[in-house]
Amino acid sequence: MAILNIIEAPDPRLKVKAKPVKQVDARIKQLLDDMVETMHAAPGIGLAGPQVGEALRLLVIDVPKEGLPREGQPPNPMKIVNPEIVWASDELKPWEEGCLSLPEQYAEVVRPAEIKLRYLDETGTKRELHATGVMAVCIQHEMDHLEGVLFVDHISALRRNMILRKLQKARKLKQPVPA
Ligand code: NI
């Protein structure tokens, strides 16, 4: 396993439409393992291929069980390949979202409250999932990454530019000062 480098906005690699995974082979399994390790180390609750420079339709999530404290919950990662939303509820819900590619930036995004998903797991087996709550938010957020869409693309241009400027400022502050 290895911790991968997480790409941050405004990198053009985050704006690319990802390609379907042809076969869940050893390389893909390794990539999914590395993505889980990278997500846990960050820490985050979701990570999509394009965020680690792989323009492939795959993502990992690890959403804590709702109603229980996050601390003390054992890791429960899910690996999702070639996901497709086959149903979304009419009911919409706002949620304060963040993203490992936009560190420490948050904004409220409105999405369907529930979804049904079809995907392949890490063994290449077809699966279906009915997701609600944070899991539904997280999966939709990660699936946006496969289309080159970031959560800030769902908010006003004014708010988006503010966030991107803040991000650039924070990055400049992190750079070492030449002595
Ligand atoms: Ni994200």
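So, how was this worked out
Residues numbered from 1 in each chain as written. Predicted model: local features only at pLDDT ≥ 70, side-chain atom pairs only at ≥ 80, totals over all residues. Heavy atoms only, no water. Helix = DSSP H or I, 4+ residues; strand = E, 2+ residues; numbered from the N terminus. Rg over C-alpha atoms; globule rule 2.2 N^0.38 Å. Buried < 20%, exposed > 50% of the residue type's maximum accessible area, 1.4 Å probe, protein only. Areas by Shrake-Rupley, 256 points an atom, 1.4 Å probe, with all protein chains shown as cover. Lys, Arg positive; Asp, Glu negative; His and termini not counted. Charge placed at Lys NZ, Arg CZ, Asp CG, Glu CD. Salt bridge = Lys/Arg side-chain N within 4 Å of Asp/Glu carboxyl O. Pairing = 2+ DSSP bridges. Axes fitted to C-alpha atoms, helices over the stretch in contact; angles between N-to-C directions. Contact = heavy atoms within 4.5 Å. Donors = N, O, S within 2.8 Å, 3.2 Å for Na, K, Ca; no water.

S.K.: Before we go on, may I ask you to explain the overall build of the protein in this structure?
M.R.: Within the protein, the secondary structure is distributed over three helices and seven strands. Shown N-terminal to C-terminal, the secondary structure of the protein runs as helices and strands in the order α-β-β-β-β-β-β-β-α-α. Here the C-alpha radius of gyration of the protein, 16 Å, is about what a compact globule of 179 residues would show, namely 16 Å. Principal-axis analysis of the C-alpha atoms places the extent of the protein at approximately 55 × 40 × 35 Å. The buried share among the 179 residues of the protein stands at 42%. As displayed, the protein offers around 10400 Å² of accessible surface, 54% of which is attributable to carbon and sulfur atoms. Computed over 25 positive and 25 negative side-chain charges, the separation of the two mean positions in the protein equals 5 Å.

S.K.: Any chance you could explain the pattern of salt bridges here in plain terms?
M.R.: It is possible for side chains of opposite charge to pair when their charged atoms get near one another. What the rule picks out here adds up to eleven salt bridges. One salt bridge in this structure joins Arg13 and Asp11, with 2.8 Å as the shortest N-O distance. We classify Arg13 as partly exposed; its relative accessible area is 47%. Two residues, Arg57 and Glu147, come together in a salt bridge whose shortest N-O distance is 2.4 Å. Here the residue Arg57 occupies a position in the loop between strand E1 (46–48) and strand E2 (58–61), and Glu147 occupies one in the loop between helix H2 (133–146) and helix H3 (157–174), the gap between them amounting to 90 residues. On the basis of relative accessibility, which here comes to 12%, the residue Arg57 falls in the buried class.

S.K.: I would appreciate a short explanation of the sheet that holds E2 in the present structure.
M.R.: The strands making up a sheet are joined through hydrogen bonds of the backbone, oriented either antiparallel or parallel. Reading across the sheet, the five strands line up as E1-E2-E3-E6-E7 and stay open at both edges, with antiparallel pairing between neighbours. Each of the sheet's edge strands pairs with one partner strand only, and the pair in question is E1 and strand E7 (126–131). Averaged over all adjacent pairs, the angle separating strand axes in this sheet is 40 degrees, with direction ignored. Relative to E2, E1 runs antiparallel, the two sharing three bridges. Its bridge partner being in E2, Leu47 is matched across the sheet by Val60. Most of the contacts of helix H1 (residues 26–41) go to E2, to which it runs at about 40 degrees, and overall it touches E1, E2 and strand E3 (78–88). Contacting E1, E2, E3, strand E6 (115–120) and E7, H2 runs over the sheet at an angle of about 150 degrees to E2.

S.K.: What exactly am I supposed to notice about the coordination of the nickel ion here?
M.R.: Geometry sets the ideal angles at a metal, namely 109.5 degrees for four tetrahedral donors and 90 or 180 degrees for six octahedral donors. Every protein donor of the nickel ion is listed here as Cys99 (SG), His141 (NE2) and His145 (NE2), and their distances to the metal cover 2.1 to 2.3 Å. Between the donor residues of the nickel ion, the gaps in sequence give the motif C-x41-H-x3-H. Remark: His141 occurs in helix H2 and Cys99 occurs in strand E4 (residues 92–99); sequence separation between them is 42 residues. The class for Cys99 is buried, based on a relative accessible area of 9%. On the basis of relative accessible area, His141 is assigned to the buried category, the value being 6%.

S.K.: Even after reading the chapter, I still don't get unusual backbone geometry, so can you show me in this structure?
M.R.: In this model, Ala9 is joined to Pro10 through a cis peptide bond whose omega is 5 degrees. You can see Pro10 is positioned in the segment before H1. Pro43 follows Ala42 through a cis peptide bond whose omega is -10 degrees. In the Ramachandran plot, Asn82 falls in the positive-phi region, its phi being about 50 degrees despite a non-glycine side chain. Following the sequence through the fold, Asn82 ends up in strand E3. Here Glu104, not a glycine, exhibits a phi torsion of approximately 65 degrees, which is positive. Positionally, Glu104 belongs in strand E5 (residues 102–112).

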